[in-house]
Amino acid sequence: MSIKITLDSNLINIKQKLEPVNKLEELFERGIIQIVGTERLYEEMRKHIPKAFDKAKKYKNIGEPFVVGHSRIGHAYITSENPTLPTFQEISEILFSNIQCDKLTENQINDVMHLIAHAHSDSNFFVTNNTSDFIHGKKNNKNRNLELRNQTREKLKEKSIFVMTAQEMVEYLNNK
């Protein structure tokens, strides 16, 4: 069984400058791993970096489940209520605990939707270089004296979402 990774938008490596991503792309081209993208990856690339959209299209689009107020009709699928899968609100509270769900920015909504789509797919790992949103906790008045390293990653792991940076993913694959 091949390892399947969901790639975050910050890893569309159009200039080939991200060495760990170059390695992942090489493994993808050789059929050793599968790389997929979410509907949000496609939309973000189409909207902001058209050249990157061409690159994103080489990865299978896993779509996203329909989330009222956050999905685009025609680009989402209906899913049954599965208590083991995280909801938009649950992921939002993990990533952005200090922001109400209905006050998220477009980029924050996209981050949540990347993870929702990933959780509803059969991908093994979500790979990103955005450590501030997906891996480490954010400092606030309540947690200023706590260790925040890997805090978000651990909370996501409780929801069966395994997050790694591109470098960590390469190291993981080298040790398999």
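Residues numbered from 1 in each chain as written. Predicted model: local features only at pLDDT ≥ 70, side-chain atom pairs only at ≥ 80, totals over all residues. Heavy atoms only, no water.

J.: What should I look at first to understand unusual backbone geometry in this one?
T.: It is generally the case that most residues other than glycine have a negative phi and that most peptide bonds are trans. Phi is positive for Gln-16, close to 60 degrees, though the residue is something other than glycine. Topologically, Gln-16 is positioned in the loop between strand E1 (3-7) and helix H1 (19-29). Residue class for Gln-16 comes out partly exposed when judged on its relative accessible area of 38%. Phi is positive for Ser-160, close to 65 degrees, though the residue is something other than glycine. Secondary-structure assignment places Ser-160 in the loop between helix H7 (151-157) and strand E5 (163-164). (Helix = DSSP H or I, 4+ residues; strand = E, 2+ residues; numbered from the N terminus. Buried < 20%, exposed > 50% of the residue type's maximum accessible area, 1.4 Å probe, protein only.)

J.: Any chance you could explain the packing of H1 against helix H8 (residues 166-174) here in plain terms?
T.: A pair of packed helices is captured by two measures, namely the crossing angle of their axes and the spacing between those axes. Contact geometry for H1 and H8: axes closest at 8 Å, N-to-C directions at 50 degrees. For the element pair H1 / H8, the angle class is oblique. For H1 against H8, the interelement crossing comes out left-handed. From H1, Pro-20, Val-21, Lys-23, Leu-24 and Leu-27 reach across to H8, where they touch Ala-166, Gln-167, Met-169, Val-170 and Leu-173. Counted by class, the contact of H1 with H8 contains eight nonpolar, one polar and one charged residues. (Axes fitted to C-alpha atoms, helices over the stretch in contact; angles between N-to-C directions. Parallel < 35°, antiparallel > 145°, perpendicular 65-115°, else oblique. Left-handed = near helix turned anticlockwise from the far one by under 90°. Contact = heavy atoms within 4.5 Å. Nonpolar A, V, L, I, M, F, W, Y, C, P; charged D, E, K, R; others polar.)

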